[in-house]
Amino acid sequence: ATGVRQDAGARLHEVAQAGRKSRLMSEMDQARALKGRLVLEDAVVPGRIEVTGDRISSVAADSTAGYGPLVCPGFVDVHIHGWAGHDAMGGPTALDGMSRALLARGITAFLPTAVTAPSRGLRSFAEQVAAWSESSPTDGATPLGFNLEGPCISHGRPGAQNPEHIQEPSDYTGAAGRLVRDGLRIMTVAPERPGALELIEYLSSAGVIASLGHSDATAAEAAAGYLAGARTTTHLFNAMSAIDHHAPGLAMEALSNDAAYVELVADGLHVDPALWPLLLRMKPADRLILVSDAIPFAGLGDGRFDLGGVPVKVAGGACRTEDGGKLAGSISAIDEGVRTLVASGVSIPAAVGAASRNPLALLGVHDRGRIAPGQIADLLVLDGDLAVDRVMKAGVWVS
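Our subject in this report is the structure included herewith. (Residues numbered from 1 in each chain as written. Predicted model: local features only at pLDDT ≥ 70, side-chain atom pairs only at ≥ 80, totals over all residues. Heavy atoms only, no water.)

Scanning the protein chain from terminus to terminus reveals 12 helices and 21 strands. Computed over the C-alpha atoms, the radius of gyration of the protein chain is 20 Å, within 12% of the 21 Å expected from 2.2 N^0.38 for a compact globule of 399 residues. Summarising its shape, the C-alpha atoms of the protein chain cover approximately 60 × 50 × 40 Å along the three principal directions. The 399 residues of the protein chain split such that 52% are buried. In the protein chain, the share of contacts with a sequence separation of at least 24, taken over all contacts with a separation of at least 6, comes to 67%. Total accessible area computed for the protein chain in this model is approximately 15,300 Å², and 51% of it derives from carbon and sulfur atoms. Each charge sign in the protein chain was given a centre, from 33 positive and 44 negative side chains, and these centres are 5 Å apart. (Helix = DSSP H or I, 4+ residues; strand = E, 2+ residues; numbered from the N terminus. Rg over C-alpha atoms; globule rule 2.2 N^0.38 Å. Buried < 20%, exposed > 50% of the residue type's maximum accessible area, 1.4 Å probe, protein only. Contact = heavy atoms within 4.5 Å. Areas by Shrake-Rupley, 256 points an atom, 1.4 Å probe, with all protein chains shown as cover. Lys, Arg positive; Asp, Glu negative; His and termini not counted. Charge placed at Lys NZ, Arg CZ, Asp CG, Glu CD.)

Here you go:
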């Protein structure tokens, strides 16, 4: 582990030194051309990008850009509840603020995510996101639909969500149908609950991604959930049955199933970094998705807040429930997760892919997320420490 940290530190030092040698900002200030070290799917290469309109028009190798800044696709967060005091469930004004705050962190697209709530509240959330998406701010992250982290989850694994609002999957197909029409893209389901497999099959047939999570499922029950059509896993290891040599659960099946995507909250708290090598060795690189699971109070500093009716406290870099001290979402963004992954020894292309290309592939969105001709020019310039320096959205630099 010490060797891995030392190697990772050396790599980050090299990146920082290269960035300091020459920022090539005269090139970067040309809004239609970017020159630097391009983060492609499997390599970082010196090159030049030309942008026409809102699309990348050409990509070419350029040996003179070897000491330029890193240029990568914009990040995509498919599981985020809010940011900078803005709640995804707080209506159009909050969504405006949330999307603008996220773009500043390099998140160019996202799924506003609801916690388990009464049916009326979830319907209102869906309707508001659908209406807002039609005119979301051009200087904010692009909404790609919305995500429901519940309500068809296990009473035994609610995490920080309010158990009073949990519903049985067998009773939810009709309600899900209405949400699908408003743009539902991902929904968390506990596969062991009555009617869960039927709900997963319905969601899959309607083009919605079922995510297994907040679950006490055995490995066999989890396997049945993936077989019924579930394609991803809500914040791996958190609020789910784990890896037990006598009673393997959902986490074990998620790792063993090469086709299943898994979400990782890479803040060092939700999953101890000592487990990351196991995850990275067992999962194909294109099935890892970085998510923030950020709460509305992320970015506001320490304090006490109300999270969907659950009292929580933010302190020491973590958000925990007042009653029991359970982690209650994160207060870190995806750009921090990318830096943390690289520091742990993950390659820059793999870490960036987990934050951009992979979540888009899960959603079936193929017009962005790669540096290639024809792609929407959602691009980031990263400094020598892999922090977001500049953001281009749809071919336009965003202040």
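There's more to say after this.
The subject of this paragraph is the sheet that holds strand 16 (residues 303-307). As summarised here, the arrangement of the 3 strands in space is 16-17-18, forming an open sheet in which the pairing is antiparallel. In this open sheet, the two strands that pair with only one neighbour each are strand 16 and strand 18 (318-321). Going from strand to strand, the sheet's axes swing by 30 degrees on average, the running direction of each strand aside. In the sheet, strand 17 (residues 310-315) pairs with strand 18 via 4 bridges, with the strands oriented antiparallel. Of the residues in strand 18, the one forming a bridge with V312 is T321. (Pairing = 2+ DSSP bridges. Axes fitted to C-alpha atoms, helices over the stretch in contact; angles between N-to-C directions.)

We now examine the layout of surface pockets. Counted as a void, the largest pocket has a volume near 360 Å³. Every residue lining the largest pocket is counted, 25 residues in all, and those nearest its centre are P158, G159, A160, H214 and L327. Looking at the lining of the largest pocket residue by residue, the classes come out as 9 nonpolar, 12 polar and 4 charged. (1 Å grid on protein atoms, 1.4 Å probe; cavity = no way out; pocket = protein on both sides within 12 Å on 5 of 7 lines; lining within 4 Å. Points joined across faces, edges and corners; volume = space filled by probe spheres on them. Nonpolar A, V, L, I, M, F, W, Y, C, P; charged D, E, K, R; others polar.)

The biggest cluster of nonpolar side chains holds 77 residues, and the ones touching the most others in it are F75, L148, M187, L203, L236 and L264. Ignoring anything within four residues of it in the chain, the contact list for L264 reads V271, W276, L279, L288, I289, L290, V291 and L341. With 15 residues, the next largest nonpolar core counts A109, L111, I289 and L360 among its residues. (Core = buried A, V, L, I, M, F, W, Y, C linked by side-chain atoms within 4.5 Å.)

Of the residues making up helix 5 (residues 173-181), those classed as buried are A175, A176, G177 and L179. If you follow the buried residues of helix 5, they end up packed against helix 4 (119-133), strand 10 (146-152), strand 11 (184-189) and helix 6 (196-205). Positive backbone phi, approximately 115 degrees, marks G183, located one or two places after helix 5.

Take the sheet that holds strand 3 (residues 55-61) next. With respect to topology, 7 strands assemble into an open sheet ordered 3-2-1-4-19-20-21, the strand pairing being mixed. Each having just a single partner strand, strand 3 and strand 21 (396-398) make up the two edges of the open sheet. On average, each strand axis in the sheet is tilted by 40 degrees relative to the strand beside it, whichever way the strands run. Of the pairings in the sheet, the one linking strand 4 (residues 70-73) to strand 19 (residues 379-382) comprises 4 bridges and is antiparallel in character. Opposite V71, over in strand 19, you have V381 as the bridge partner.

For the rest of this paragraph, the subject is the packing of aromatic side chains. Inspection of the entire model under this criterion finds 3 aromatic pairs. With a centroid separation of 5.4 Å and an interplanar angle of 85 degrees, the aromatic rings of F125 and F146 are classed as edge-to-face. Here F125, found in helix 4, pairs with F146, found in strand 10; they are 21 residues apart in sequence, far enough to count as distant. As far as the burial class goes, F125 and F146 line up, both buried. Taken together, a centroid distance of 4.2 Å and an interplanar angle of 10 degrees make the contact between F297 and F305 stacked. A cation over a ring is seen here: R287 above Y261, with NZ or CZ 4.5 Å from the ring centre. When the ring centre of W397 is taken as reference, the NZ or CZ atom of R390 above it lies at 4.0 Å. (Phe/Tyr/Trp six-rings, centres within 6.5 Å; stacked < 30°, edge-to-face > 60°. Lys NZ or Arg CZ within 6 Å of the ring centre and 35° of its normal.)

Attention now moves to the environment of G364. The topology assignment puts G364 in the loop between helix 12 (357-363) and strand 19. Distance in space between the C-alpha atoms of G364 and T116 is 25 Å, their sequence separation being 248 residues.

Further remarks concern the packing of helix 10 (residues 334-343) against helix 11 (residues 348-355). Running from amino to carboxyl end, helix 10 crosses helix 11 at an angle of 155 degrees, the nearest separation of the two axes being 9 Å. As far as their axial angle goes, helix 11 and helix 10 are roughly antiparallel. When the axes of helix 10 and helix 11 are compared, the crossing they make is right-handed. Seen from helix 10, the contacting residues are I334, V338, L341 and V342; seen from helix 11, they are I348, A351, V352 and A355. In terms of residue class, the contact of helix 10 with helix 11 is made up of 8 nonpolar, no polar and no charged. (Parallel < 35°, antiparallel > 145°, perpendicular 65-115°, else oblique. Left-handed = near helix turned anticlockwise from the far one by under 90°.)

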